[in-house]
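Per-entry structural report
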Amino acid sequence: MKTRIISINETDSTNRKIKEQAVDEDAMTVLVAERQTAGKGCGTNSWESEPHKNLTFSIRYCPEDVEARRQFVISMQISVAIHRAMMDFGVPTTIKWPNDIYWNDKKLAGILIENQLQGSHIRDSIIGIGLNVNQRTFLSDAPNPVSMSQILSRHLQLNEILQRIIFHFQNAEKDIAAVYRSLLYRKTGMHEYSDSKGNFIAEIVGVADDGLLSLRDSSGVVRKYAFKEVAFII
């Protein structure tokens, strides 16, 4: 697939800005902002990013024949692509369900996906990504941020990282679901979680094709969760 990269100095949100671009069914559009003033995470969360230090960008493309009920495959595809790119630079990461990129117990990247439907299929997908690259100091109350520069103790070229992410996204494995599950943060062992009833200890059983997370608690009961219904206690 052809890729069109648009670079801008500043915007409030790359996801919002990329919607101003015409949809091209034959090409993938990537909009990169040097400074994003109102980057958003899931729900009401915001994304802190020092200008010119990190990658804040959005991808817009039209996936081929992806049914709405299988839209989580896009989340798996971009999560694995970022993981692969990080490995290219010597940064071993895992994927914290549904699509945060973690190094050890610290958050390296966040992803926000907006899908537009046409009938029972996805018409186009907008994937917003915030990746901490060269930022060394974080001022927000986010509990566990980390950057590639902090991990590697060196400055990195933003465009090189962007190109690797695009490459891996466009060359996704056919068994993307199996790869995604193999890279899950906390994929083994009992850990602490929290839901509407309180904290509990559980292990990951798996992630369904529709994105539902299954946890088996210390009593042997399997609990299933959609996005935002359970929190990882870190």
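Data block above holds the structure.
Reference entry: report on the structure contained in this document. (Residues numbered from 1 in each chain as written. Predicted model: local features only at pLDDT ≥ 70, side-chain atom pairs only at ≥ 80, totals over all residues. Heavy atoms only, no water.)

**Details of the overall build of the chain**
Secondary structure assignment for the chain yields 5 helices and 12 strands. Against the compact-globule benchmark of 17 Å for 234 residues, the chain has a radius of gyration of 17 Å, which places it among compact chains. Counting only C-alpha atoms, the chain reaches 50 × 45 × 30 Å along its principal axes. Here the chain holds 234 residues, and 49% of them are scored as buried. Considering only intrachain contacts with a sequence separation of at least 6, the fraction spanning at least 24 residues in the chain is 62%. Surface exposure of the chain reaches about 11,600 Å², of which carbon and sulfur atoms provide 47%. (Helix = DSSP H or I, 4+ residues; strand = E, 2+ residues; numbered from the N terminus. Rg over C-alpha atoms; globule rule 2.2 N^0.38 Å. Buried < 20%, exposed > 50% of the residue type's maximum accessible area, 1.4 Å probe, protein only. Contact = heavy atoms within 4.5 Å. Areas by Shrake-Rupley, 256 points an atom, 1.4 Å probe, with all protein chains shown as cover.)

**Topic: the pairing of strand β6 (residues 106-118)**
Summarising the sheet, strand β5 (residues 100-103) and β6 pair through 3 bridges and their orientation is antiparallel. Paired with W103 across the strands is K106, a residue of β6. A loop of 2 residues connects β5 with β6, the two strands running antiparallel in sequence, and N104 in this loop sits at a positive phi of about 55°. Sheet analysis places β6 next to strand β7 (residues 121-131), joined by 10 bridges and oriented antiparallel. From the neighbouring strand, I111 faces β7, where its bridge partner is I129. Counting the residues in the hairpin turn of β6 and β7 gives 2 residues, including G119, whose phi is positive at 65°. (Pairing = 2+ DSSP bridges.)

Spatial relationships are all this shows, so hold off on functional conclusions.
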